[in-house]
Amino acid sequence: MTGQKMKRSLEVDTLRGIACVLLVLFHVVGDTPTTGLRIPEGHWLQVFNEALAYIRMPLFSFISGYVYGFRPYQSRPLGFIKGKVRRLLLPLVTVGTLFAVVQAFTPGTNNAVDHWWLLHIVPVGHFWFLEALFIVFLVVILLEHLKALATPAGFALTWALAAVLFDYFSPPNYFAAQGAVYLLPFFLAGLACKRFEIGGPAARGIAAAVFICAATVAMLLPQFSEQGTSLPALGLGVCSAFLLLRSGWSSPRMAYIGSYSFAIYLLHVFFTAASRIVLKKIGVTDIYVLMMAGLAAGLAGPIISALLISRHAGLNLWLLGTTGSRAKAKEAKAAPA
């Protein structure tokens, strides 16, 4: 299979923008009464934020798989792995470690690292995604080498195995192994969508039916629809991402946000936490004001930071995993893929 050069897609960047907004909102609001805005249990914002877990990270992983489909692995495994180390693990070590240090010594922040000698062996905050996605790429290299993803039948069998692991296998969470098991079926679904050009009316109809059934189970039988480890959760994640992609909807403003998705993913927590801490210190307590301010800070702060970082080749490499300076600024915008 020959690789295809991917131009920036307004639709794909729009999806990235949606994923970024959902992610930033998650960390602003918090998923428990002890994180984020510390909203009481049962508040509609917390319930809504928790429900979005069915879509949030699945969408990021689905997009990564879809984008990978434009330039899939073909040969030179060491070169491919080296590129992913630079793109994913280098920012993990630099930005992820900085995050852990700032979190540990800044009053008013949320969870801190318990065992520093296990830093990044036990994932730190949202940076688990980088470790998990790196493992996913290693698995995909092996699958590509074995030609397991070359035909629809082989791909379907491989995806079914990934789905079984998603539902039943929970490895020790060192180096984000649990996250890799979680992300793999969504990544493969995105890749299949591109590789086999899935997206006709029949496929969209089936996806809509599965989404409705999975959502019904999630609402009526929550004991059978745990967000991270159930087939209803898998159906919701895959079908929502697929339907969003194949809807063809695009928004220039959302796509602009999405074009900086990697920087937003890495850096947003610094700005959301700062916004909350500063506003509370000056007496702002309204949760909706805090939420909107945190969302704006979590999106705008990383974009401005990426523009500044792109001026310096060294910072670009160590903080965003990209090479070059201004000439490579556009690469710094791309989501990991």
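Treat the numbers as computed from the prediction; the structure is a model and nothing was measured.

The rules behind each value
- Residues numbered from 1 in each chain as written.
- Predicted model: local features only at pLDDT ≥ 70, side-chain atom pairs only at ≥ 80, totals over all residues.
- Heavy atoms only, no water.
- Helix = DSSP H or I, 4+ residues; strand = E, 2+ residues; numbered from the N terminus.
- Buried < 20%, exposed > 50% of the residue type's maximum accessible area, 1.4 Å probe, protein only.
- Contact = heavy atoms within 4.5 Å.
- Salt bridge = Lys/Arg side-chain N within 4 Å of Asp/Glu carboxyl O.
- Axes fitted to C-alpha atoms, helices over the stretch in contact; angles between N-to-C directions.
- Parallel < 35°, antiparallel > 145°, perpendicular 65-115°, else oblique.
- Left-handed = near helix turned anticlockwise from the far one by under 90°.
- Nonpolar A, V, L, I, M, F, W, Y, C, P; charged D, E, K, R; others polar.
- Phe/Tyr/Trp six-rings, centres within 6.5 Å; stacked < 30°, edge-to-face > 60°.
- Lys NZ or Arg CZ within 6 Å of the ring centre and 35° of its normal.
- Patch = residues over 30% accessible without salt bridge, like charges linked within 9 Å, V, L, I, M, F, W, Y side chains within 5 Å.
- Areas by Shrake-Rupley, 256 points an atom, 1.4 Å probe, with all protein chains shown as cover.

(A) Structural context of the overall build of the protein chain. When helices and strands are counted, the protein chain shows 13 helices and 0 strands. In the protein chain, the order of α-helices and β-strands from amino to carboxyl end is α-α-α-α-α-α-α-α-α-α-α-α-α. For the protein chain, buried positions account for 49% of its 337 residues. Expressed as a percentage of contacts within the protein chain between residues at least 6 apart in sequence, the contacts between residues at least 24 apart total 76%.

(B) The arrangement of the pattern of salt bridges in detail. Evaluated as defined, the whole model comprises 3 salt bridges. Linking aspartate 13 and arginine 16 is a salt bridge whose minimum nitrogen-to-oxygen distance equals 2.9 Å. Of this pair, aspartate 13 and arginine 16 both sit in helix α1 (residues 10-29), 3 residues apart, which is roughly one turn of the helix. For aspartate 13, a relative accessible area of 6% gives the class buried. In this structure arginine 16 comes out as buried when scored by relative accessible area, which is 5%. Linking glutamate 144 and arginine 195 is a salt bridge whose minimum nitrogen-to-oxygen distance equals 2.8 Å. Taken together, the residues span a long stretch of sequence, with glutamate 144 in helix α5 (residues 128-145) and arginine 195 in helix α7 (residues 177-195) at a distance of 51 residues. Under the relative-accessibility criterion, arginine 195 is labelled buried at 14%.

(C) The packing of α1 against helix α11 (residues 261-281), seen in detail. The N-to-C vectors of α1 and α11 enclose an angle of 20°; their axes lie 10 Å apart at closest approach. On the basis of the axis angle, α1 is roughly parallel to α11. Taken as a pair, α1 and α11 cross one another with a handedness that is right-handed. Here Arg16, Cys20, Leu23, Val24, His27 and Val28 of α1 lie close against α11, whose contacting residues are Ser261, Ile264, Tyr265, His268, Val269 and Thr272. A breakdown of the residues in the contact of α1 with α11 according to their chemical character gives 7 nonpolar, 4 polar and 1 charged.

(D) Structural detail: the packing of aromatic side chains. All told, the structure shown has 20 aromatic pairs when counted by the stated rule. A centroid spacing of 5.6 Å and a plane angle of 25° characterise the contact between phenylalanine 166 and tyrosine 182, whose relative ring orientation is stacked. One end of the pair, phenylalanine 166, is in helix α6 (residues 152-168); the other, tyrosine 182, is in helix α7, and 16 residues separate them in sequence. Summarising the burial analysis for this pair, phenylalanine 166 and tyrosine 182 share the class buried. An aromatic cluster of at least three residues, connected via ring pairs, comprises Phe60, Trp128, Phe129, Phe166, Tyr182, Phe186 and Tyr265. Taking NZ or CZ as reference, lysine 84 lies 4.4 Å from the ring centre of phenylalanine 137, over its face. When the ring centre of phenylalanine 70 is taken as reference, the NZ or CZ atom of lysine 194 above it lies at 4.7 Å.

(E) Expanded view of a nonpolar patch on the surface. A contiguous nonpolar patch, built from Trp44, Phe48 and Tyr288 and spanning about 340 Å² of accessible area, is present on the exposed surface. Along the chain, the position of tryptophan 44 falls in helix α2 (residues 44-51).

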